[in-house]
Amino acid sequence: MRFHASTAALLVVLAPLAGLASAQTQVQELEGSTLPPDSHFGRAVAATAELVAIGMAGPTFQTATPGAVHVMRRDGLLHWRQARLTAPDGAPGDKFGWAVDLEGTTLVVGAHEHDLSRGAVYVFERVERTWGFTQKLAAPDGAPADHFGEALALHGDGLAVGARGHDAGAPGAGAVYVFRRTGGTWVFEAKLLANDPEPFDLLGLSVDIHGDRVVAGAVQDSDAAPWSGAVYVWRRVVDMLWTQEAKLVPSDASDSDFFGTAVELLGPVLVASSPYHNGAGGSNQGAVYLFLRDALGWQERQRITADAAPAWSFFGLDLALEGARLCIGSGIGRAYLYEWDGTRYRGSMRLEVEPDGTGNTLGEIVDLADGLVFVGSPNASHAGVANGSVYVFDVGP
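A. Just the nonpolar core, in detail. In terms of nonpolar packing, the biggest core is built from 19 residues, with Val69, Val71, Phe96, Leu107, Phe124 and Trp131 touching the most fellow members. Every element with two or more residues in this core is listed here: β4 (41-47), β5 (51-56), β6 (68-75), β7 (78-85), β8 (96-103), β9 (106-111) and β10 (120-127). When sequence neighbours within four positions are dropped, the list of residues in contact with valine 69 reads Ala53, Ile54, Gly55, Ala83, Arg84, Leu85, Phe96, Gly97, Val100, Leu107 and Val109. Among the nonpolar cores identified, the runner-up in size contains 18 residues, and Val176, Val178, Tyr232 and Trp242 belong to it.

Given below as C-alpha cells:
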C-alpha cells in the first residue's frame, strides 16, 4: 500500500501577515485515503531535512486499532512511504502514534493508553533504509491512568516524556521523566516534579527538551486563575541531578486559558501557548507567549495573536520552532508562520487550503524542517471517509 501524494485539486491560500509579502510556495498533500475510517493519519508529525514521521493513533474515543506510524523519505518536495511501524506488543486502543519525535536515525513513539493507560514509549532505529524496534520505555513507578508518552521530546541523547495523570504530591498533578542514551541504550535518569503540585494540574501534557533544560506544561495549574495554566522549566545541574529553574505564567493569565498546551524550547527561547485565551476577537481566540532567558532568568517578551482571527480559533493548539521560524497551529484550518527579526517574531504568512466540503481543514498539528512546513489534519476526509492528511508547504530557506 502506498500513500497518495496529491498536488492537484488544492486551492492554496498564502496570505501575508503584518504587511509582509508572501513567498512563492508549493503545497503537497500526503493523504491517508487508503486507510480505514477514523485512522487519524496526521495526529502527530515529526520531520527532519530528510524524513517525516506521521502518527496514526486511531479513533479518539474508540479502541479498534493499536495505532501505527508511517515514515516517509524526502526527495525534493516528493515523499514516499519508507516504513509502517507498529508496537511489537500493541493492543487495540493503545494510541500508538499519538506522539512522535524524530532526530537523526532515532524515532520515538508514544502509546499513552497502553497497559491500562500506564503508557509506554517505543524506540526505533534506522540502519540505511530499514527501521527496527530497539527498546520499550516505561516509567519506573508507572500506574494506571498516568498516560506516560502522551507527550515526548527528543534532543541528542536526552528524551523527556510527560505523564500528565501521574499522582505525584497530589492526584493527577503529573510528572516528566527524563531518559539518557548511554552506549546505545536508553536509561532512566530523573523524574521531574513541580515544587508546588496541586490536584489535576496535568503537568506533562506538553513537554520539550533542549540541551540541559526541560520544559513542560501544567495546563490546569490555578495559581493565577482557575485552570489558567503554567509552564515549568528544569535545568540539569550534573548527571542525573535536575532542579526546577522557573515557573512561568503569562502576564495576562485568565480563567481557563490552559497555558502550556504546547511548548517549544530552543536554547534561550521558550514559546508556550494558551489556545483557549479570550482575546479581542472573542472567546477562545488564543495567544502564544515568548519568553527569553537572560542573566536574570526567564522573562516574558512578547504576546503573539493572530490578526483578525475569529472567536474559537484556538490559536496555539500546536507549535513548531526551527531557527528563526515559528509555526503556530490553530483549530480553524490555518497555520501561521512567523519570522524572528532580532527582537521579536513578526508574521510572514498564513497557510491554509480552501475547504472542499469534505472536512479537509488543517492546522491542529504542525512541524518545521529545512524550509518545509508540515501541517496535520487528522480528521480530513477522502471520498466521504475521515482518515486524515498531512499538508506540506515549501516556504523556502
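B. Broad picture of the sheet that holds β8. One open sheet accounts for four strands, arranged β8-β9-β10-β11; its pairing is antiparallel. Edge positions in the sheet fall to β8 and β11 (130-137), since each has one partner strand and no second. Strand-to-strand, the axes of this sheet are offset by a mean angle of 25°, without reference to chain direction. Sheet topology note: the β10/β11 ladder contains seven bridges and is antiparallel. Across the sheet, the residue bridging to phenylalanine 124 is phenylalanine 133, located in β11.

C. Structural view of the pairing of β6. Taking burial as the measure, the eight residues of β6 include six buried ones, the bulk of the element. Here β5 pairs with β6 via six bridges, running antiparallel. In the sheet register, isoleucine 54 faces β6, and the bridge partner there is histidine 70. Bridge analysis of β6 against β7 gives seven bridges, and the strand direction is antiparallel. Within the sheet, the bridge partner assigned to histidine 70 lies in β7 and is arginine 84.

D. Focus on the environment of tyrosine 391. With respect to the helices and strands, tyrosine 391 occurs in strand β32 (residues 389-394). According to the relative accessible area criterion, tyrosine 391 is buried, its value standing at 0%. Spatially, the C-alpha atoms of tyrosine 391 and leucine 372 are 10.0 Å apart, while their sequence positions differ by 19 residues. Here glutamate 29 takes part through its side chain, which lies 3.4 Å from a polar atom of the side chain of tyrosine 391.

E. Representation of the pairing of β9 within the structure. A large share of β9 lies buried, amounting to six of its six residues. Burial of the side chains of β9 extends over both faces: Thr106, Val108 and Gly110 are buried on one face and Leu107, Val109 and Ala111 on the other. By the bridge criterion, six bridges tie β8 to β9 in an arrangement that is antiparallel. Note on β9: the bridge partner recorded for glutamate 103 is threonine 106. Linking β8 to β9, which pair antiparallel, is a turn of two residues; within it glycine 104 sits at a positive phi near 60°.

F. Local environment of the pattern of salt bridges. Applying the stated criterion across every chain yields a total of 25 salt bridges. For aspartate 157, the salt bridge identified is with arginine 181, shortest N-O distance 2.9 Å. One end of the pair, aspartate 157, is in the loop between β12 (148-155) and β13 (158-163); the other, arginine 181, is in strand β14 (residues 175-182), and 24 residues separate them in sequence. Of the charged contacts, one joins glutamate 352 and arginine 350 as a salt bridge, the two residues approaching to 2.6 Å between their closest N and O atoms. It is possible to trace a salt-bridge network through shared partners that takes in Arg180, Glu189, Arg236 and Asp239.

G. Molecular detail of empty space enclosed by the protein. Counted under the stated rule, the structure contains one cavity of 30 Å³ or more. As for the largest cavity, its lining consists of Ala173, Gly174, Ala194, Pro197, Asp201, Leu203, Ala218 and Tyr232.

H. Looking closely at unusual backbone geometry. Notably, lysine 95 is not glycine yet its phi reads approximately 65°, a positive angle. In this structure, lysine 95 sits in the loop between β7 and β8. In this structure lysine 95 comes out as buried when scored by relative accessible area, which is 2%. Here the phi dihedral of leucine 202 falls at roughly 65°; this positive angle occurs in a residue that is not glycine. Here leucine 202 shows up in the loop between β15 (185-192) and β16 (203-210). Taking relative accessible area as the criterion, leucine 202 reaches 15% and is therefore assigned buried.

I. Representation of the packing of aromatic side chains. Summed over the entire model, instances satisfying the criterion amount to 17 aromatic pairs. Between the aromatic rings of phenylalanine 259 and tyrosine 289, the centroid separation amounts to 5.7 Å while the plane-to-plane angle is 85°, which identifies the pairing as edge-to-face. With phenylalanine 259 in the loop between β19 (241-248) and β20 (263-266) and tyrosine 289 in strand β22 (residues 287-294), this pair connects stretches of sequence that are 30 residues apart. Overall, the relative accessible area of 0% leaves tyrosine 289 in the buried class.

J. Broad picture of the environment of serine 274. Structurally, serine 274 is set in strand β21 (residues 269-274). Taking the C-alpha atoms as reference points, serine 274 and glycine 316, 42 residues apart in sequence, are found 6.3 Å from one another. Apart from residues lying up to four places away in sequence, serine 274 is in contact with Asp257, Phe258, Phe259, Gly286, Ala287, Tyr289 and Phe315.

K. Geometry of the confidence of the model for the chain. With 89% of its residues at a pLDDT of at least 70, the chain reaches an overall mean of 88. Across residues 18-24 the pLDDT falls below 50, and counting only partners more than four positions away or on other chains, this stretch makes twelve contacts in the model.

Basis of the calculations
- Residues numbered from 1 in each chain as written.
- Predicted model: local features only at pLDDT ≥ 70, side-chain atom pairs only at ≥ 80, totals over all residues.
- Heavy atoms only, no water.
- Core = buried A, V, L, I, M, F, W, Y, C linked by side-chain atoms within 4.5 Å.
- Buried < 20%, exposed > 50% of the residue type's maximum accessible area, 1.4 Å probe, protein only.
- Helix = DSSP H or I, 4+ residues; strand = E, 2+ residues; numbered from the N terminus.
- Contact = heavy atoms within 4.5 Å.
- Pairing = 2+ DSSP bridges.
- Axes fitted to C-alpha atoms, helices over the stretch in contact; angles between N-to-C directions.
- Polar contact = N/O pair within 3.5 Å; in protein donor to acceptor, adjacent residues only side chain to side chain.
- Salt bridge = Lys/Arg side-chain N within 4 Å of Asp/Glu carboxyl O.
- 1 Å grid on protein atoms, 1.4 Å probe; cavity = no way out; pocket = protein on both sides within 12 Å on 5 of 7 lines; lining within 4 Å.
- Points joined across faces, edges and corners; volume = space filled by probe spheres on them.
- Phe/Tyr/Trp six-rings, centres within 6.5 Å; stacked < 30°, edge-to-face > 60°.
- pLDDT = per-residue confidence, 0-100.

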